[in-house]
Amino acid sequence: MAEVAGVAEAGGAAKVADAVRERREFAGLEVPPARGRFREGLRGYGLIVAMWIRSTMTYRASFVLSTLGNAAITLLDFVAIYIMFSHVDVLGGFTLPEVALLYGSCSAALGLADLLLGNTDRIGARIRDGSLDTMLVRPLPLLAQVAADRFALRRLGRIGQGLGVLGWALWTLDVEWTAGKVLLVPVMLLAGGSIFAAVMVGGAAFQFVAGDAAEVQNSFTYGGCTMLQYPPTVFATDLLRGVTFVVPLAFVNWLPALYVLGRPDPLGLPGWAAFLSPLVALAVFVPASLAWRAGVRSYRSTGS
């Protein structure tokens, strides 16, 4: 009996130790292994997303209509470009199919990031109304909760219309396809989405300091995508340097698209720079992640 009691006591102590460790992790006093945090965050993100998808699919007709509406609204940007080309033959030396390549790749990349992490821009509102405190006491990484909360499956509309325009551009363009160019198209979409996602995380981290700066974040994501829809040749050199070396949005689609089209970079970068998008995405994610962790650690609640 004494041995059984000892085992039970040891088991109870282990549970208490686990609970204490979890509380210390939530408070930022103890950091679990990175692999464990990532796995737990991915699992929690998937569970929350699945919950919102089930909720969305309860009203399937509404989902279809909202998705089509989202696609139609975002497609209006390309309609404006199409109308523009009804009055001009080229824009900055680019034809309509070439601009469609820029538009489709950027729109699809932003749509992917917006689908997975678009709700991070609401972190400022959560700080103001105190709902962020509720997330902090849950046994899940905060970023996974913020990104997955109110997961909007209707954002597939932006991705769909972007891929549609991109497909039309690739079908229309007269390009000498090589293995490198074929590989670069999907890499451009995935790496571009990752760069936008990193910018979203960095913008969310900034809101811990600024209080509510969702529009600042959106100026780099939605505003940046609007800029990337047009040829780089129509912008000033200083702006091109800024979006290449400071906030590297040019690696989302400008540099890869110029390589696919066989056009030189206005800044004179070598052709192999078009393949650096995945490394650039990783390079942007590192400071964005560190900024996020610093922002969470500096958060002191809204009080009561």
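Our structure is the block above this text.
Keep in mind it's a predicted model, so treat the numbers as computed, not measured.

## Looking at the packing of aromatic side chains
Consideration 1: Applying the stated rule across the entire model yields five aromatic pairs.
Consideration 2: Seen from their ring centres, Y259 and F275 are 5.0 Å apart, and the 75° between their planes marks the pair as edge-to-face. One end of the pair, Y259, is in helix 12 (residues 254-261); the other, F275, is in the loop between helix 12 and helix 13 (277-298), and 16 residues separate them in sequence.
Consideration 3: On the basis of relative accessible area, Y259 is assigned to the partly exposed category, the value being 30%.
Consideration 4: By relative accessible area, which is 35% here, F275 ends up partly exposed.
Consideration 5: Joined through ring pairs, the aromatic side chains of F208, W292 and Y299 make up one cluster.
Consideration 6: Over the aromatic face of F94 sits the side chain of R263, whose NZ or CZ is 4.2 Å from the ring centroid.

## Structural notes on the state of the cysteines
In a disulfide, the sulfur atoms of two cysteines are held together by a covalent bond.
Consideration 1: Following the criterion strictly, the structure yields one disulfide and no others.
Consideration 2: The partner cysteine of C106 in its disulfide is C225, sulfur to sulfur 2.4 Å. Taken together, the residues C106 in helix 4 (residues 96-117) and C225 in helix 10 (residues 214-228) connect sequence positions 119 residues apart. Each member of the pair C106 and C225 is classed as buried.

## Focus on the environment of F245
Consideration 1: Checked against the element boundaries, F245 lands in helix 11 (residues 237-246).
Consideration 2: Contact partners of F245, with chain neighbours within four places excluded, come to L267 and L269.

## Digging into the nonpolar core
Consideration 1: Ranked by size, the top nonpolar core spans 73 residues in total, and within it I123, L132, F196, F208, L228, W254 and W292 carry the most contacts.
Consideration 2: In terms of residue count, helix 4 provides more of this core than any other element does, 13 residues in total.

## Describing the packing of helix 9 (residues 179-210) against helix 10
Consideration 1: The interhelical angle for the contact between helix 9 and helix 10, taken along N-to-C directions, is 160°, at an axis separation of 8 Å. Relative to helix 10, the element helix 9 is oriented roughly antiparallel. Every pair of crossing elements has a handedness; the one defined by helix 9 and helix 10 is right-handed. Taken together, the residues of helix 10 that come into contact with helix 9 (itself represented by F196, V199, M200, G203, A204, F206 and Q207) are A214, V216, Q217, F220, T221, C225 and L228.
Consideration 2: Class assignment of the residues belonging to the contact of helix 9 with helix 10 gives a composition of ten nonpolar, four polar and no charged.

## Observations regarding the environment of D238
Consideration 1: Position of D238 among the secondary structure elements: in helix 11.
Consideration 2: Judged by relative accessible area, D238 falls into the exposed class, the value being 62%.
Consideration 3: Between the alpha carbons of D238 and L267 there is a distance of 9.9 Å; along the sequence they are 29 residues apart.

Definitions and limits used
- Residues numbered from 1 in each chain as written.
- Predicted model: local features only at pLDDT ≥ 70, side-chain atom pairs only at ≥ 80, totals over all residues.
- Heavy atoms only, no water.
- Phe/Tyr/Trp six-rings, centres within 6.5 Å; stacked < 30°, edge-to-face > 60°.
- Helix = DSSP H or I, 4+ residues; strand = E, 2+ residues; numbered from the N terminus.
- Buried < 20%, exposed > 50% of the residue type's maximum accessible area, 1.4 Å probe, protein only.
- Lys NZ or Arg CZ within 6 Å of the ring centre and 35° of its normal.
- Disulfide = S-S within 2.5 Å.
- Contact = heavy atoms within 4.5 Å.
- Core = buried A, V, L, I, M, F, W, Y, C linked by side-chain atoms within 4.5 Å.
- Axes fitted to C-alpha atoms, helices over the stretch in contact; angles between N-to-C directions.
- Parallel < 35°, antiparallel > 145°, perpendicular 65-115°, else oblique.
- Left-handed = near helix turned anticlockwise from the far one by under 90°.
- Nonpolar A, V, L, I, M, F, W, Y, C, P; charged D, E, K, R; others polar.

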